[in-house]
Amino acid sequence: MMSANGGAAPPARARRAQRLTDRSRSELADIAAVVLGLLLARLALAALTGQWPWLAYNPYNSYSLQARAWLAGRLDLGQDYPWLELAIYQEKYYVSFPPFPSAVLLPFAALWGEATPDAWIALAFSVLAAVHAVRIARCFTRDSRVVCASALALLTANGYLFLCLNGWVWFFAQNICFALTLAAIDHALHGRGAASLALWACAVGCRPMMLLLLPALLVLLWRAMPEAARERTAFLRLCALWLILPALIGGSYAALNWARFGHPLEFGHNYLPEFQRAEQGQFSLTYAWEHLLQWLRPLPLTGEGRLGIPVSDGMPVWLTTPLLFSAGAEWIAARRRRERASGAMAWLLPLITAVYLFIILCHRTLGGWQFGNRYVVDVLPMLYLALLAERPERGRLDGLHLALAVFGCVMHAVGTAALYNAWI
């Protein structure tokens, strides 16, 4: 076979290698663009709030304290830190949050002691989230404009922009969970079951309700398998192998809980003074209706016509989570087109999201000090996946998504700066 210029055409293997090289270059360019966009957003917010990673002293360093306690050979902290949320059990003080972030900090605590670089680690996980957001988008489209716009909207037009600024205990775990969840979805889309489920188990060690994501990951993995591996018995064998490491990771959480509180599922929240004082406890159906009304309330304007920013328990969810509208619009449009391409995922992702949000509504608080609704950030990777899976090749709603993303980015940038400057 001759090429157009009279020379021999390159062999098929060389052509495939060239396509892979071009694809890799395109992916790296998209990743670089999104990481740069995220870093510029972080730079602007750091300039407005003073949350520079090299200046940020972390007064809310529960995970660092726990890591140092482990290195010293003890499970409790040895003393009270009144400004932190600590569980009190048998007159000892424990970090009440799931332990994976402390595992991340162990080598840093060994090297730097109290001065763990929490803000730099938070920044690193933000970059990791950006990388996997791009890789997920490229599983559905090769259009760099759509890939970069979608990933940047996920990272900067929602509550994630607020909580990735520093290493404060409440935000640090969510930041890590967000990045690990995106990584788990990315690996599942590429058929890497062991890596996907191990990362998912680590995300559960940051936010236990991420347990709900497991069915979606298994469906993604099944769809990514070769035809022979989709047979039920063969796939179940693969799942058994993939779940060995997650089971060991989950077992380490259970063992730690048992050693500290005498129960494998008790992370310590039930021993927080705040929840011990609450008549209905940490979770109750009695909280759901009031919290739903908080999420759906009208625009909270002050008497001067300015937006009132509450310092705790969030704002109307419709105002601060534009990805809900984007994913919902694409889902409705796909159902009207009667498309069945996404199969079970078309119903599974909305169901998981709805259950997750309902559990949040049943929690005693909606997130404490924050701008927006930080608990809702946990479902953003699922909404992102749903949006990309439902979007047709010719995205007729892309203009709507862009407008919502611009609104969300401006809202969260301005709100985050206003809240930090009013409080600190």
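Up top is the structure.
Residue indices follow the written sequence of each chain, beginning from 1 at its first position. Two thresholds apply to this predicted model, a pLDDT of at least 70 for residue-level local features and 80 or more for giving and counting side-chain atom pairs, whereas whole-chain, interface and lining totals are computed over all residues. Side-chain measures here rest on the full set of heavy atoms in the structure, leaving out hydrogens and waters.

## Comments concerning unusual backbone geometry
Peptide bonds are mostly trans, and most non-glycine residues show a negative phi. Even without being a glycine, Gln-90 presents a positive backbone phi close to 50°. Here a helix means four or more residues in a row that DSSP labels H or I, a strand means two or more in a row labelled E, and each is numbered from the N terminus. Assignment of secondary structure puts Gln-90 in the loop between strand 1 (86–89) and strand 2 (92–95).

## Focus: the pattern of salt bridges
We count a salt bridge whenever a side-chain nitrogen from Lys or Arg sits within 4 Å of a carboxyl oxygen from Asp or Glu. On inspection of all chains with the given rule, the structure shows 10 salt bridges. Of the charged contacts, one joins Arg-145 and Asp-143 as a salt bridge, the two residues approaching to 3.4 Å between their closest N and O atoms. Think of it in three bands: with a 1.4 Å probe and only protein chains considered, a residue is buried below 20% of the maximum accessible area for its type, exposed above 50%, and partly exposed in between. Arg-145 gets classed as exposed once you look at its relative accessible area, which sits at 68%. Between Arg-391 and Asp-398 there is a salt bridge, and its shortest N-O distance comes to 2.7 Å. A relative accessible area of 16% means that Arg-391 is categorised as buried. Salt bridges here are not isolated pairs; linked through shared partners, they connect Glu-27, Asp-30, Arg-135, Arg-138 and Asp-186.

## Focus: helix 7 (residues 169–189)
Helix length check: helix 7 (21 residues) gives 31 Å between terminal C-alpha atoms against 30 Å at 1.5 Å per residue, within 8%. For helix 7, a buried count of 20 out of 21 residues is recorded, marking the element as mostly surrounded by other parts of the structure. Gly-191, located one to two residues past helix 7, shows a positive phi value of around 80°. Helix span, as expected, comes to 1.5 Å for every residue beyond the first.

## Section: the packing of aromatic side chains
Describing an aromatic ring pair means giving the distance of the ring centres and the angle of the ring planes. Only rings of Phe, Tyr and Trp enter the pairing, Trp through its six-membered ring, and a pair is recorded when the two centres are within 6.5 Å. The plane angle decides the type: under 30 degrees is stacked, over 60 is edge-to-face, the rest tilted. According to the stated counting rule, one finds 24 aromatic pairs in the structure shown. Ring geometry for Tyr-89 and Tyr-271: centres 4.8 Å apart, planes at 55°, overall tilted. Here the residue Tyr-89 occupies a position in strand 1, and Tyr-271 occupies one in the loop between helix 11 (244–261) and helix 12 (273–277), the gap between them amounting to 182 residues. The exposure class assigned to Tyr-89 is buried, which follows from its relative accessible area of 17%.

## Comments concerning the layout of surface pockets
When its volume is computed, the largest pocket comes out at roughly 1100 Å³. As for the largest pocket, its lining consists of 48 residues, and the residues nearest its centre are Pro-98, Arg-207, Pro-208, His-269 and Gln-282. Listed by contribution, the elements that provide at least two residues to the lining of the largest pocket are helix 7, helix 8 (193–204), helix 11, helix 12 and helix 16 (345–361). When residues of the lining of the largest pocket are assigned to their parent elements, the largest contribution, 6 residues, is made by helix 11. Three classes are used, and their members are as follows: Ala, Val, Leu, Ile, Met, Phe, Trp, Tyr, Cys and Pro are nonpolar, Asp, Glu, Lys and Arg are charged, and the others, Gly among them, are polar. When the residues that make up the lining of the largest pocket are grouped by side-chain class, the tally is 30 nonpolar, 11 polar and 7 charged. Surrounding the second largest pocket, 23 residues form its lining, Ala-149, Ser-150, Ala-153, His-401 and Ala-405 being those nearest its centre. For the lining of the second largest pocket, the secondary structure elements donating two or more residues are helix 5 (144–156), helix 15 (322–336), helix 17 (380–390) and helix 18 (398–423). Among the elements that take part in the lining of the second largest pocket, helix 5 stands out by supplying 8 residues, more than any other. Class assignment for the residues of the lining of the second largest pocket results in 15 nonpolar, 5 polar and 3 charged. The pocket and cavity definitions rest on a 1 Å grid over protein atoms only: a 1.4 Å probe that fits but cannot leave marks a cavity, an open set with protein on both sides within 12 Å along at least five of seven lines marks a pocket, and residues lining either have an atom within 4 Å of a point. Grid points are joined across faces, edges and corners, and a volume is the space filled by probe spheres set on the points.

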